[in-house]
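Structural overview for review
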Amino acid sequence: GENVEQHPSTLSVQEGDSAVIKCTYSDSASNYFPWYKQELGKRPQLIIDIRSNVGEKKDQRIAVTLNKTAKHFSLHITETQPEDSAVYFCAASANSGYSTLTFGKGTMLLVSP
Amino acid sequence: DSGVTQTPKHLITATGQRVTLRCSPRSGDLSVYWYQQSLDQGLQFLIQYYNGEERAKGNILERFSAQQFPDLHSELNLSSLELGDSALYFCASSVIGAGDEQYFGPGTRLTVT
């Protein structure tokens, strides 16, 4: 089955800095890669996703890049703000059959004012 | 608000007991997923239902079972509860299945004493 590795497990940045979280996946059939943000005690919220037919997608201060050859994808947050502090999860799934989302173990992002 | 609802919000029970968690998907979504999130753990996929039928199974214990009803709401039954079953249980829904955006409910926090 699919295996998703996520790094780093903790990331501390100063407000205004950029943050990058990286994930690798094992199943070459995976072609859907969402990112979720989870604040303490709250539900995971889908913040951005990318499919294998594109290499990059941007939404305001967040962007995701995908390298299918290397089987890795990354989340980039620019101009970080304290409210970006949360746990971020990457995930991967194939777009067919009985495939389900496999999640990484999460990255705790701490943005200091 | 994702449109996915879960009840109850909190549940405290004793070891050996049985509980039922309930989830209502977003309007129009046919798939329901159940996840377990233990302290400092990522999201562990338990089971998926699509339009009333079991579609995929993850690391779900034999003591746990689920079903999806004709009105598409789903219930997760946990029996012979152990201390280690204490966790946040999330339900998510999507339109169909593989490759679709999944939207999470607020979760049920289960505490087994």
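I will try to describe carefully the structure that is included in this document. (Residues numbered from 1 in each chain as written. Chains lettered and ligands numbered in written order. Predicted model: local features only at pLDDT ≥ 70, side-chain atom pairs only at ≥ 80, totals over all residues. Heavy atoms only, no water.)

1. Some remarks on the layout of surface pockets
Selection criterion: Using protein atoms alone on a 1 Å grid, points that fit a 1.4 Å probe yet trap it form a cavity, whereas open point sets bounded by protein on both sides within 12 Å along at least five of seven lines form a pocket; residues with an atom within 4 Å of a point count as lining. Grid points are joined across faces, edges and corners, and a volume is the space filled by probe spheres set on the points. Only DSSP runs of H or I covering at least 4 residues are called helices, and only runs of E covering at least 2 are called strands; the numbering of each starts at the N terminus. Think of it as three bins: nonpolar holds Ala, Val, Leu, Ile, Met, Phe, Trp, Tyr, Cys and Pro, charged holds Asp, Glu, Lys and Arg, and polar takes everything else, Gly as well.
Size it by volume and the second largest pocket reaches roughly 460 Å³. Considering the residues around the second largest pocket, the lining is formed by 24 residues, among which E2(A), N3(A), L101(A), T102(A) and F103(A) are closest to the centre. At the level of elements, β1 (4–7) and β10 (102–103) of chain A together with β5 (44–50) of chain B are the ones that each hand at least two residues to the lining of the second largest pocket. By residue number, the principal contributor to the lining of the second largest pocket is β1(A), which donates three residues. Counted by class, the lining of the second largest pocket contains seven nonpolar, 13 polar and four charged residues.

2. Observations regarding the nonpolar core
The test is simple: Only buried residues count toward a nonpolar core, which is a set of Ala, Val, Leu, Ile, Met, Phe, Trp, Tyr and Cys residues joined through side-chain atoms within 4.5 Å. Whether a residue is buried, partly exposed or exposed follows from its accessible area with a 1.4 Å probe, protein chains only, as a fraction of its type maximum: under 20%, in between, or over 50%, in that order.
Ranked by internal contacts, the top residues of the largest apolar core, which has 23 residues, are W35(A), F73(A) and L109(A). Looking at this core, the elements with two or more residues in it are β2 (10–14), β3 (19–25), β4 (32–38), β5 (45–51), β7 (62–67), β8 (72–77), β9 (86–92) and β11 (107–112) of chain A. V19(B), C23(B), L78(B) and Y89(B) belong to the second-largest nonpolar core, a separate cluster that totals 21 residues.

3. Observations concerning the sheet that holds strand β6 (residues 56–59) of chain A
Residues and elements named next belong to chain A. Rules: Pairing between strands requires that DSSP locate at least two bridges from one strand to the other. Axes here refer to lines fitted to C-alpha atoms; in helices the fit is confined to the stretch in contact. Angles between the N-to-C directions go from 0 to 180 degrees.
Pairing in this open sheet of five strands is antiparallel, and the strands run β1-β3-β8-β7-β6 from one edge to the other. Strands at the two margins of the open sheet, each flanked by one partner only, are β1 and β6. For this sheet, the mean angle separating the axes of adjacent strands, direction not counted, is 15°. The pairing of β7 with β8 spans six bridges and is antiparallel. Pairing of V64 across the sheet is with L75, part of β8.

4. Here's the deal with the interface of chain A and chain B
Accessible area lost upon the coming together of the parts serves often as the stated size of an interface. What counts here: Contact criterion: two residues are considered in contact whenever any of their non-hydrogen atoms come within 4.5 Å of each other. Once two parts are put together, the accessible area they lose, assessed with a 1.4 Å probe and summed over both, is termed the buried area. Whenever a carboxyl oxygen of Asp or Glu lies within 4 Å of a side-chain nitrogen of Lys or Arg, that contact is scored as a salt bridge. Pairs of N or O atoms are called polar contacts if they sit within 3.5 Å, as long as, within protein, a hydrogen donor faces a hydrogen acceptor (for residues adjacent in sequence, only side-chain-to-side-chain pairs).
At the interface, 22 residues of chain A touch 21 residues of chain B. Between chain A and chain B, a total of about 1,700 Å² is buried, with carbon and sulfur atoms accounting for 57% of that surface. Taken together, the connections running from chain A to chain B amount to one salt bridge. For E101(B), the salt bridge identified is with R51(A), shortest N-O distance 3.7 Å. If you look at where chain A meets chain B, you find two residue pairs in polar contact (both at pLDDT 80 or more). Elements supplying a minimum of two residues to the side of chain A that touches chain B: β4 and β5 of chain A.

5. Some details on the state of the cysteines
The condition is simple: To count as a disulfide, a pair of cysteine sulfur atoms needs to be within 2.5 Å.
Inspection of every chain in the model, using the stated rule, returns two disulfides over all chains. Between the sulfur atoms of C23(A) and its disulfide partner C90(A) the distance amounts to 1.9 Å. Of note, the bridge from C23(A) to C90(A) carries an S-S torsion of about -100° and is left-handed in sense. Of the two residues, C23(A) sits in strand β3 while C90(A) sits in strand β9, which places them 67 residues apart along the sequence. Like C23(A), the residue C90(A) is buried in the burial classification. With a sulfur-sulfur separation of 1.7 Å, C23(B) is cross-linked through a disulfide to C91(B). Highlighted residues: C23(B) in strand β3 (residues 19–24) and C91(B) in strand β9 (residues 87–94), separated in sequence by 68 residues. You'll find C23(B) and C91(B) in the same group, each marked buried.

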